[in-house]
Amino acid sequence: MLTVLIIEDEIKTARELKKSIEQSFEEVTVLDMLASIKSAVRWLKENSRPDIIFSDIQLADGLSFEIFRQVEVQTPIIFCTAYDEYAIDAFKTNGIDYLLKPIDDDKLKQSIQKYQNLKKALVPTDRLPNYTTIQTLVNSVSENQYKKTVLVHFQEKIIPLATEQIAYIHYELGNVYIMTFEKKRYFINQTLDEFETLLHPDQFFRANRQFIVNRTAIQSLENYFSRRMLLKLQLPVSQEIIISKTKSPLLIKWIEKF
């Protein structure tokens, strides 16, 4: 029996997630639905650990990361949020996946399957591993899911393109296209959200709703209005790449990582 704890401050969203989980998996029990940092901290201190935690990030009384600073949690966490700027911080906890709302059933099943794959990689015991072991396994499984080559269409040809050749991916006027370092442009059918999951987060950064950039393509950062930043690439772009004030420190931290 799979046991699940939901941390979500929107009652309707929490109920919909609970319903989706119960309909997608036969042997599953949602232990509780919690709406705040305070209630989650108290619950985790007073109850046995669940198998998985589904947690929103922005709660009414703060960011859910505060829960896991106050309570040592060894349970794998699947973060569910409407915002993409917290991904780096999410994986510094026991985060094993990061789902953007609205969450469809297929993505939900993929996340549960990821948890099950991690569990199979452990010794056959009911005891969950410690934080370090979880992170090691998460990294191992994650490395295999990122593409080193993608297929792009050009006229009547299908061309294999190494991801290291991609300078940036851009959404413009309803289309998504790849720009290579050789300044070749290829249109793709995937959305930016879908393509983002194929690329290694150490090498590619989701700058905003229009751009995913390769760290190798970055030329400089400049201060912009209202604590935002202007990202400049080594290649010309059709519009300025503006980094929000929320995402700017995450970009700097990402750039400094290597």
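The structure we're discussing is the one just above.
1. What to know about the overall build of the chain
And then number 1: Looking only at helices and strands, the chain has eight helices and 17 strands in total.
And then number 2: In the chain, which comprises 258 residues, the share counted as buried stands at 44%.
And then number 3: Taking contacts inside the chain between residues at least 6 apart in sequence as the whole, the part at least 24 apart equals 51%.
And then number 4: Of the roughly 14,700 Å² of accessible surface on the chain, a fraction of 48% belongs to carbon and sulfur atoms.

2. Quick word on the sheet that holds strand E7 (residues 95-100)
And then number 1: An order of E2-E1-E3-E6-E7 is seen for the five strands of this open sheet, with the pairing classed as parallel. A strand with exactly one partner marks an edge of an open sheet, and here the two such strands are strand E2 (28-34) and E7. On average, adjacent strands in this sheet sit at an angle of 20 degrees to one another, irrespective of strand direction.
And then number 2: Against the sheet, helix H2 (residues 37-46) makes contact with strand E1 (2-7), E2 and strand E3 (52-55), and its axis sits at roughly 135 degrees relative to E2, the strand it touches most.
And then number 3: On top of the sheet, helix H5 (residues 105-120) reaches E1, E3, strand E6 (77-81) and E7; it is set at about 175 degrees to E7, its chief contact.

3. With respect to the pattern of salt bridges
And then number 1: Counted by the stated rule, this structure contains eight salt bridges.
And then number 2: With its nearest N and O atoms 3.7 Å apart, the salt bridge here joins Glu-182 to Lys-184.
And then number 3: Given a relative accessible area of 42%, Lys-184 falls into the partly exposed group.
And then number 4: One salt bridge in this structure joins Glu-196 and Arg-206, with 2.9 Å as the shortest N-O distance. Residue Glu-196 is located in helix H7 (residues 192-196), and its partner Arg-206 is located in strand E13 (residues 204-206); the two are separated by 10 residues in the primary sequence.

Reading the values: rules and limits
- Residues numbered from 1 in each chain as written.
- Predicted model: local features only at pLDDT ≥ 70, side-chain atom pairs only at ≥ 80, totals over all residues.
- Heavy atoms only, no water.
- Helix = DSSP H or I, 4+ residues; strand = E, 2+ residues; numbered from the N terminus.
- Buried < 20%, exposed > 50% of the residue type's maximum accessible area, 1.4 Å probe, protein only.
- Contact = heavy atoms within 4.5 Å.
- Areas by Shrake-Rupley, 256 points an atom, 1.4 Å probe, with all protein chains shown as cover.
- Pairing = 2+ DSSP bridges.
- Axes fitted to C-alpha atoms, helices over the stretch in contact; angles between N-to-C directions.
- Salt bridge = Lys/Arg side-chain N within 4 Å of Asp/Glu carboxyl O.

Bear in mind that shape data such as this cannot, by itself, settle questions of function.
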